[in-house]
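Chain by chain, the residues run as shown.
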Amino acid sequence: KEVCCFYSWRRQLSGMKGAWKEMQQQAGAEGLPLVPGSRKTSGTNSSSRATDKGFQNSSVIDEESDVWDTGFTLREFGPKAIRVWLALQIVSLFFQFCLWSEVSDHLATYEGAIAAECSPERSRHGVCSGSTWSVVAWEDVVLQGPNWSNTQPVSFATTSSPPTFLLVVDPVSKAKGDLEPAAAPLPAEQVDELLDVRWNLEVTRTNPPHVGPTLKRSGSGQQALTFEDLSVEAQQAMATSGRVEWRAKLQPHRSLKTRYVIYVEDASTPHLAQITSSPQCAFGRSWKAFNQQHQGHNHRALAWSGFLLGWFLVIGGIAVFLVYRELATPTSSQYRFHLVVLAKFLLQDVPQQICIVLYVFGWYEASGLRCQLCLFNPEHCGAESPYHAANAVAFTCTLLSSMANQLLVRPVYKRSYTEDDYCMQESMRICGLCVSVLPFTTGIMWASRSVLPVPMFFHFVFAVPFFIGWVGIAGLLCVPVMVCCDEVCD
């Protein structure tokens, strides 16, 4: 009887252990996320795992392998999601074409002004002398020695109101010893060794007498300097005599004999008051930038923007065609759509943001091409915004297309997630988004009141993605260094 009781108690204990094991397995399965279409372990495999490793869940989801230990893997897309992406790209291509047409028209307008106002017979030493400016002084002198006793005064008078003039200093040749510097060459024959020739310039108003500190400028090589006199004395002199008299003195830095060409251009445009009162344009800087002709940064920026935006239309069209072909092919590769989106992000979306920033700065800034055209046509002097309806849609579509790369990946499925896992995933998502739009946010942070209506507000809003984006770029640049250090340590 005791033996029978012992065996009966043993069978009950075994049954309790089996029930306890089954309860643990069910509790573990209920704690996992339910993922549709995910792979589950078969009964044979789960039984062998339970036998080898103790109490384990027989119905858990297999853990996925991530990409480069990031915790993310590639996402699978259905036909509906791909069609939405295609619709966005088609809309984006249309408005990008409108943007490219606008940039091309602006560039053609500026080139027309260059051709009309800066023809070879109106250019002197690489500086444009347009029809709305009159040369009031010209000096060709040889100077030597860094002292004010060896200077060349240039006297001239201006009739513009308010007094506004452009003073050009151009070192054209130099010589050693007792040799005389050669005569002024053509602009195409000037050499780069004259770019480091340094000099000081002092400008004083003689009639009416100058009040306050003397105007002093320093420079090297060829420089075109703008001066504006908004004083009450200058206004009274213009009202009484119709002119203001000036004297400029040039002092060289080096002891070598150097030949300088100095000349002054007075602004004679009839709408000078309208130009100087423009809320978005800086007349002095615009005049100087236009006089640099093809040497101005703004002109190069707009030219590059127009050229690259045309190529981006071709790249975007090719991407749309490839994705459409893949959508129409039932046996296409599963991840070929990912490759097209990634290639478009690198070859079009990011460079196009840079082109948009260059265009906005090159055309709408205070010394941009629009303000330079204001010198000749008062129609360009009014307020104009780069964010009109067509441009706003083009900018938005470009940013959305740039951020679409974040949909290519998703977090991997795991048996359990910690708070660190969630924090890392969200941080990488945010950092990826900020890096994707970094060229645009950087341009916003550098923009002035001429480009942004309320610059302080926009700087405050975009400061966070701007900072996170550059931190992300710094982190990406540090990854190779960390990998090399790990290999060295191993």
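First, a word on scope: everything that follows refers to the structure included in this document. (Residues numbered from 1 in each chain as written. Predicted model: local features only at pLDDT ≥ 70, side-chain atom pairs only at ≥ 80, totals over all residues. Heavy atoms only, no water.)

The next thing to look at is the overall build of the protein chain. Along the backbone of the protein chain there are 13 helices and 12 strands. The burial tally for the protein chain puts 41% of its 490 residues in the buried class. Sequence-distant contacts in the protein chain: of pairs separated by 6 or more residues, those separated by 24 or more amount to 79%. Of the roughly 27100 Å² of accessible surface on the protein chain, 62% is carried by carbon and sulfur atoms. (Helix = DSSP H or I, 4+ residues; strand = E, 2+ residues; numbered from the N terminus. Buried < 20%, exposed > 50% of the residue type's maximum accessible area, 1.4 Å probe, protein only. Contact = heavy atoms within 4.5 Å. Areas by Shrake-Rupley, 256 points an atom, 1.4 Å probe, with all protein chains shown as cover.)

Attention shifts here to a nonpolar patch on the surface. On the surface, a cluster of nonpolar side chains totalling about 750 Å² of accessible area is made up of Trp-304, Phe-307, Trp-311, Val-314, Ile-318, Phe-321 and Leu-322. Of note, Val-314 is situated in helix H7 (residues 297–328). Val-314 sits in the partly exposed class, given a relative accessible area of 41%. (Patch = residues over 30% accessible without salt bridge, like charges linked within 9 Å, V, L, I, M, F, W, Y side chains within 5 Å. Salt bridge = Lys/Arg side-chain N within 4 Å of Asp/Glu carboxyl O.)

What follows is about the pairing of strand E11 (residues 257–267). Summarising burial for E11: 11 of the 11 residues are buried, a large majority. Because side chains alternate across E11, one face comprises the buried residues Lys-257, Arg-259, Val-261, Tyr-263, Glu-265 and Ala-267, and the other comprises Thr-258, Tyr-260, Ile-262, Val-264 and Asp-266, equally buried. Of the strand pairs in this sheet, strand E4 (residues 133–143) and E11 are connected by 10 bridges, and their pairing is antiparallel. Directly across from Ala-137, in E11, lies its bridge partner Val-264. With 10 bridges connecting them, strand E6 (residues 164–175) and E11 associate as antiparallel partners. Considered in E11, the bridge of Phe-165 is made with Asp-266. (Pairing = 2+ DSSP bridges.)

The next subject is the sheet that holds strand E8 (residues 215–220). Strand order across the open sheet formed by four strands is E5-E10-E7-E8, with antiparallel pairing between neighbours. Here the strands that pair on one side only, and so sit at the sheet edges, are strand E5 (152–158) and E8. The average angle at which neighbouring strand axes cross in this sheet is 25°, direction not considered. With eight bridges joining them, strand E7 (residues 198–207) and strand E10 (residues 244–252) adopt antiparallel strand pairing. Each residue of the ladder has a partner; that of Arg-205, found in E10, is Trp-246. Contacts from helix H4 (residues 232–240) reach E5, E7 and E10 within the one sheet, and its direction differs from that of E10 by about 130°. (Axes fitted to C-alpha atoms, helices over the stretch in contact; angles between N-to-C directions.)

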